[in-house]
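Tertiary structure, described
This is what each chain is made of:
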Amino acid sequence: MAGKQVRLFLVDGKAGGLTTAEIMTWTGQLLKGARKDLLRIRGRREAQKTGVYILLGEDEETGRTKAYIGQSDNVAKRLSTHDQNKDFWSEVVVITSKDSNLTSAHVRWLESKLIGMAKAIGRVPLENGNEPTGGADLPEADASDMEEFVRQLEILLPVLGVDVLRGRATRSAAGSPSVAQAMAAVSGNPLPVAEPEPEPEVEVSPVFHLVQMPGAQAQVIDGEFTVLAGSEAVAEMPDRSGYKASSARQYKVRQSQHRDLVTDGSIAVGPDGAARLTRDVVFGSPSAAGAVITGRVSMNGRTQWVTEDNITYALWESGSTS
């Protein structure tokens, strides 16, 4: 993949303040800021254009980030409305164009596209209710241009710490089940596997399976260790005693991660007690993933995740696969 030159400008000269981001030779432009700086954001030229915006905040029930995606002919005015009627958000990203060529039709198409992608990826829950159908009237050539616009957003948004589009639809290159298929599997009524749709252009590794639990599969997707939808997992991590203090603390962390995944539906437990992931789940390391999936206090995931050719994650990562 060719390199990208990303330009970030810290408006306040410090991290955490207003930030603009762009990619050289691309017409798009992003502005990120905190809700407390809304007055300044609304006064910025970027926010007074036709564009799309992403509201970001914490879900009080799960502690995870959630988002709302919208569009407006004047983003600044729309944000004023959301300041009055939406409580959850603490940050906003405004997406506009430097050349002011984004029209109402363009941003309706973009809003619909981003919402569809975010829901398919399933990494950040959305506050959006009805899924918009805008953009159906966009000319074919314009739609092609906007697809390229989206590809640049997939690169730039994670640079700003926004993971709404990071990853891919909940499905692996090896044919892991969709969310609906995973849910059906744990209920004892499996659905037929449909032909896979074309995958987005996201860099992925080989598929690894867990030695202790071969039904668990993972890939490195877009640089992140990701356990794939449809993977087996333990149904629960019960309280345990007898661990040394450091191990006990580590187990509590893994137990909490597992509990959160069950609570938010990412791990579905069937009537027979079998559990599977309903979406791709990103972990900080192969070891963390293995420990949560198998219910252990710790695991050397670098040696326990292997390909079908018995190549360990550690060997693959080092390039020593010959």
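Up top is the structure these notes are about.
What comes next is a walk through the structure. Here the structure is a predicted model, which is why all the values come from computation and not from measurement. For every chain, the first residue of the written sequence is number 1, and numbering continues from 1 along that sequence. Local features are withheld for residues below a pLDDT of 70 in this predicted model, meaning they are given only at 70 or higher, and side-chain atom pairs are given and counted only at 80 or more; totals for whole chains, interfaces and linings count all residues. The side-chain figures draw on all heavy atoms in the structure; neither hydrogens nor water molecules are used.

Time to look at the overall build of the chain. Each helix is a run of DSSP H or I of at least 4 residues and each strand a run of E of at least 2, with the numbering of both proceeding from the N terminus. A count of helical and extended segments in the chain gives 9 helices and 14 strands. Burial analysis of the chain (322 residues in total) assigns 47% to the buried set. Contacts were defined at the residue level, with two residues in contact if any of their heavy atoms lie within 4.5 Å. Intrachain contacts of the chain at a sequence separation of at least 6 include 63% that bridge at least 24 residues. Only the protein chains shown count as cover for residues, and all accessible areas are computed by the Shrake-Rupley method using a 1.4 Å probe. Carbon together with sulfur atoms contributes 47% to the accessible area of the chain, which is approximately 16000 Å² in total. For the exposure calls, accessible area comes from a 1.4 Å probe over protein chains only, and a residue counts as buried if that area is under 20% of its type's maximum, exposed if over 50%, partly exposed in between.

A separate point is the pattern of salt bridges. The term salt bridge refers to a side-chain nitrogen of Lys or Arg lying within 4 Å of a carboxyl oxygen of Asp or Glu. Under the definition given, this model contains 17 salt bridges. One salt bridge in this structure joins Arg64 and Asp264, with 2.7 Å as the shortest N-O distance. Taken as a pair, Arg64 in the loop between β4 (51-58) and β5 (65-72) and Asp264 in the loop between α6 (245-263) and β11 (267-269) lie far apart in primary sequence, 200 residues in all. The salt bridge involving Glu317 is made with Arg302; its shortest N-O contact spans 2.5 Å. Of the two residues, Glu317 is situated in helix α9 (residues 313-318) and Arg302 in helix α8 (residues 301-304); the sequence distance between them amounts to 15 residues. According to the relative accessible area criterion, Glu317 is partly exposed, its value standing at 42%. Several salt bridges converge on common partners, so that one network encompasses Arg123, Asp163, Arg166, Asp222 and Glu224.

Below, the discussion takes up the nonpolar core. Residues Leu30, Leu153 and Val164 are the most contacted members of the largest nonpolar core, which totals 34 residues. Residue assignment for this core shows that the elements contributing at least two residues are β2 (19-23), β4, β5, β6 (89-97), α3 (104-121) and α4 (140-159). For this core, the element with the most residues is α3, which contributes 8 residues. Apart from the residues lying within four places of it in its own chain, the contact partners of Leu30 are Thr19, Thr20, Ala21, Val93, Val94, Ile95, Leu153, Leu156, Leu157 and Leu160. We call a set of buried residues a nonpolar core when its members are Ala, Val, Leu, Ile, Met, Phe, Trp, Tyr or Cys and they connect through side-chain atoms within 4.5 Å of each other. With 25 residues, the next largest nonpolar core counts Leu210, Val220, Val297 and Met299 among its residues.

As a further point, take α4. The periodicity of an α-helix, 3.6 residues per turn, causes residues three or four places apart in sequence to face the same way. Under the convention used throughout, the expected extent of a helix is 1.5 Å for every residue step, that is, one less than its residue count. Between its terminal C-alpha atoms α4 stretches 30 Å, which fits the 28 Å expected from 20 residues at 1.5 Å a residue. At Leu153, α4 is bent by approximately 25 degrees, the largest bend along its length. Regarding α4, the residues found buried are Ala143, Met146, Phe149, Val150, Gln152, Leu153, Leu156 and Leu157. Elements in contact with the buried residues of α4: β1 (6-10), β2, β3 (28-34), β4, β6 and α3. Residue Gly161 follows α4 closely and has a positive phi angle near 80 degrees. Think of it this way: the bend at a residue is just the angle between two axes, each fitted to seven residues, one set ending at that residue and the other starting at it.

Mapped onto the fold, Leu138 is located in the loop between α3 and α4. Through-space distance from the C-alpha of Leu138 to that of Arg108 is 9.2 Å; in sequence the pair is 30 residues apart. Those residues in contact with Leu138, other than ones at most four positions away along the chain, are Ala105, His106, Trp109, Ala143 and Met146.

On to the environment of Gly230, then. With respect to the secondary-structure elements, Gly230 resides in the loop between β9 (224-227) and β10 (232-233). Of the residues examined, Gly230 reaches a relative accessible area of 9% and is grouped as buried. Sequence spacing of Gly230 and Ala275 is 45 residues, and the spatial spacing of their C-alpha atoms is 9.1 Å.

Read from one edge of the open sheet, 5 strands run β13-β9-β8-β7-β14, paired in antiparallel fashion. Every other strand in the sheet has two partners, leaving β13 (281-283) and β14 (305-306) as the edge strands with one partner each. In terms of strand pairing, β9 meets β13 through 3 bridges, oriented antiparallel. Following the sheet pairing, Val227 is matched in β13 by Val281. The strands touched by helix α7 (residues 286-294) within the sheet are β7 (208-210), β8 (213-221), β9, β13 and β14, with β9 carrying the most contacts at an inclination of about 20 degrees. At least two DSSP bridges between two strands are needed for those strands to be called paired. Convention adopted: a line fitted to C-alpha atoms gives each axis, helices being fitted over their contacting stretch, and angles between N-to-C directions are expressed from 0 to 180 degrees.

This paragraph deals with the side chain of Asp280. Tracing the sequence through the fold places Asp280 in the loop between β12 (275-277) and β13. Classification of Asp280 as buried rests on a relative accessible area of 8%. For the purposes of these results, a polar contact is taken to be a pair of N or O atoms within 3.5 Å, where, inside protein, one atom must be able to donate a hydrogen and its partner to accept one; residues adjacent in sequence count only when each atom of the pair is a side-chain atom. A distance of 2.9 Å separates the side chain of Asp280 from the backbone nitrogen of Ala229, its partner in a polar contact.

This paragraph deals with unusual backbone geometry. Residues other than glycine seldom take positive phi values, yet Thr25 does so here, at roughly 75 degrees. Assignment of secondary structure puts Thr25 in the loop between β2 and β3. Its identity as a non-glycine residue notwithstanding, Asn310 has a phi of 65 degrees, on the positive side. Note that Asn310 resides in the loop between β14 and α9. Using a relative accessible area of 59% as the deciding quantity, one classes Asn310 as exposed.

Read from one edge to the other, the open sheet built from 3 strands follows the order β10-β12-β11, with strand pairing classed as antiparallel. Each edge of the open sheet carries a strand with a single partner, namely β10 and β11. In terms of strand pairing, β10 meets β12 through 2 bridges, oriented antiparallel. Residue pairing in the sheet places Ala233 in a bridge with Ala275 of β12.

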